[in-house]
Amino acid sequence: MQVTIMGLGYIGLPTAALIAGKGIHVHGVDVNKKVVDTINQGRIHIIEPDLEGLVHYAVLKKFLVASTKVKAADVFLIAVPTPLRKNRTPDLSYVEKATKAVIPHLKAGNLFIIESTSPVGTTEKMSRIIFRERPELKNKISIAYCPERVLPGSVIYELQQNDRVIGGIDESGTKAAAEFYSKFVRGQLHLTNSRTAEMCKLVENAYRDVNIAFANELSIICDKAGIDVNELAELASKHPRVKILRPGPGVGGHCIAVDPYFIVDSFPSEANIIRLARETNNYKVEWVMGKIEESVKKFRKSKGKEPLIACMGLAYKPDIDDLRESPSLEIFRRLEKSKYKVIAVEPNVRKHPDLEITDTLRAVREADIIVFLVSHREFSTVSPGMDKTVLDFCGITYSNKNS
Ligand SMILES: NC(=O)c1ccc[n+]([C@@H]2O[C@H](COP(=O)([O-])OP(=O)(O)OC[C@H]3O[C@@H](n4cnc5c(N)ncnc54)[C@H](O)[C@@H]3O)[C@@H](O)[C@H]2O)c1
């Protein structure tokens, strides 16, 4: 069997390496020549534990070859980006380009799978593009959608162990894709149609976004009511059927903060709670900014000088180094842009091309206003002096007090 994977990023490369590790020949295609060259040297261009060894082995054994050119195969798998445009509508141009690049190489008996997170109907849309150019392949190839739900940092483990939802544009597509995934997935394969599989991925992240928005809204209400939202969430969650998440400074990363917009764009009149959750989580950044500015004004008035602000944590969630779409980084950048005296603390990032990272202890010693944005493990032992103003937007002081 020969598999061609379009897009060798966070999803495509680990998938390629895993499949190649099973002794299947994988032809990885990427439009970025630097990515292709790096992989062909047995090295990787992304950070993911255990991936480099797998890639190195697969390249050495010639089961994985990267290229900028597409080649005939039995299975074509699309793992290219599906970003949001500035107006928050999904940009499907990468999927379309990758599909069009594959079309001349398709032949009867092939399987075509999309893994990129996509709006409902994308797989059917790509199949229409395929059959418009190659009508002779109608009913001769299998087409399916299979979303990816791996956690960065555990991708190699989760690619094999997670359950997968597989949906063909027809039953033969579902069946052919299920047979393919059974070669390297140990989790259960749940079979459906392509529209349900597409929506399933979007709904998983919208569900999480709505639950985070509930916690974030509560945090704003509790601040007004003089209640510690973290204590409240803990107490309310003692109810056997209630589980309230902890609030934070917003929602980041490239999935939860993005995927719900795909539903909102397709169903603008119906997706009300989903849209409101996005708005609530985006608004949390404004609210946090307002709280910091309020604190700065108070400090200036009482001390007659400009305070030094320490932003504790820049990543989009605890204990990782990923700064993509991070609300904490946005808060730091905004403070910096508004000419506040501000320093950044991010224990998971040692070096950054355009960020000066300050050591945790030094920041806590020197700053006047300490703003906890991410509850990193490293901050659990930090105890700012009584003379400091502490603003906690991630509940770490509550956890430290109660651990
Ligand atoms: N990263 C994750 O944790 C994650 C999780 C679930 C789903 N997804 C989804 O998977 C898809 C891929 O995400 P990613 O994180 O791997 O993206 P990525 O940006 O890390 O990698 C995508 C790669 O595709 C390449 N590419 C772009 N156009 C191409 C084309 N026409 N032909 C060949 N290669 C092309 C890019 O150069 C890049 O190397 C997206 O839809 C994303 O939403 C990602």
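Residues numbered from 1 in each chain as written. Predicted model: local features only at pLDDT ≥ 70, side-chain atom pairs only at ≥ 80, totals over all residues. Heavy atoms only, no water.

*Asks:* Is there a simple way to explain helix H10 (residues 259-266) in this structure?
*Replies:* Since one α-helical turn is 3.6 residues long, residues separated by three or four positions face the same way. Counting buried positions over the eight residues of H10 gives six, a clear majority of the element. All buried positions along H10 are accounted for by Asp259, Pro260, Tyr261, Phe262, Ile263 and Val264. Each element contacted by the buried residues of H10 is listed here: helix H8 (194-225) and helix H11 (272-303). (Buried < 20%, exposed > 50% of the residue type's maximum accessible area, 1.4 Å probe, protein only. Helix = DSSP H or I, 4+ residues; strand = E, 2+ residues; numbered from the N terminus. Contact = heavy atoms within 4.5 Å.)

*Asks:* How should I be thinking about the sheet that holds strand S11 (residues 369-372) in this particular structure?
*Replies:* The strands that make up a sheet are held in pairs by hydrogen bonds between backbone atoms, and each pair lies either parallel or antiparallel. Strand order in the open sheet formed by four strands is S10-S9-S11-S12, with parallel pairing between adjacent strands. On the outer flanks of this sheet lie strand S10 (341-345) and strand S12 (389-392), each paired with one strand and no other. Neighbour to neighbour, the strand axes of the sheet diverge by 20° on average, direction disregarded. As paired strands, S11 and S12 are joined by four bridges and run parallel to one another. Note that in S12 the partner of valine 371 across the bridge is leucine 391. The sheet strands contacting helix H12 (residues 327-337) are strand S9 (308-312) and S10, and the helix crosses S10 at an angle near 155°. (Pairing = 2+ DSSP bridges. Axes fitted to C-alpha atoms, helices over the stretch in contact; angles between N-to-C directions.)

*Asks:* Would you take a moment to explain the sheet that holds strand S3 (residues 64-67) for this structure?
*Replies:* Strand order across the open sheet formed by eight strands is S3-S2-S1-S4-S5-S6-S7-S8, with mixed pairing between neighbours. Single-partner strands in this sheet number two, and they are S3 and strand S8 (189-193). The sheet shows a mean angle of 25° between the axes of neighbouring strands, taken without regard to direction. Of the pairings in the sheet, the one linking strand S4 (residues 75-78) to strand S5 (residues 111-114) comprises four bridges and is parallel in character. Residue pairing across strands places phenylalanine 76 opposite phenylalanine 112, the latter belonging to S5. Where H8 meets the sheet, it contacts strand S6 (142-145), strand S7 (164-168) and S8, and its direction lies at approximately 120° from that of S8.

*Asks:* Before we go on, may I ask you to explain the site of the ligand in this structure?
*Replies:* Taken together, 23 residues are adjacent to the ligand, and Tyr10, Ile11, Asp30, Thr82 and Thr117 come closest. Glycine 7 is positioned such that a nitrogen or oxygen atom in its backbone is 3.5 Å from a nitrogen atom of the ligand. Here threonine 82 contributes a side-chain N or O atom positioned 2.6 Å from an oxygen atom of the ligand. Taken by itself the ligand offers 830 Å² of open surface, and the protein chains cover 86% of this. Of the residues assigned to the shell around the ligand, the class counts are 13 nonpolar, seven polar and three charged. (Near = heavy atom within 4 Å. Polar contact = N/O pair within 3.5 Å; in protein donor to acceptor, adjacent residues only side chain to side chain. Areas by Shrake-Rupley, 256 points an atom, 1.4 Å probe, with all protein chains shown as cover. Nonpolar A, V, L, I, M, F, W, Y, C, P; charged D, E, K, R; others polar.)

*Asks:* Please explain the pattern of salt bridges as it appears in this structure.
*Replies:* With the rule as written, the count across this model stands at 21 salt bridges. A salt bridge links glutamate 286 to arginine 334; the shortest N-O distance between them is 2.9 Å. Of this pair, glutamate 286 sits in helix H11 while arginine 334 sits in helix H12, and the two are 48 residues apart along the sequence. The partner of aspartate 322 in a salt bridge is arginine 324, with the nearest N and O atoms 3.1 Å apart. Ionic contacts of the salt-bridge type, sharing partners, join the residues Glu96, Lys100 and Lys125 into one network. (Salt bridge = Lys/Arg side-chain N within 4 Å of Asp/Glu carboxyl O.)

The values are spatial; any link to function lies outside them.
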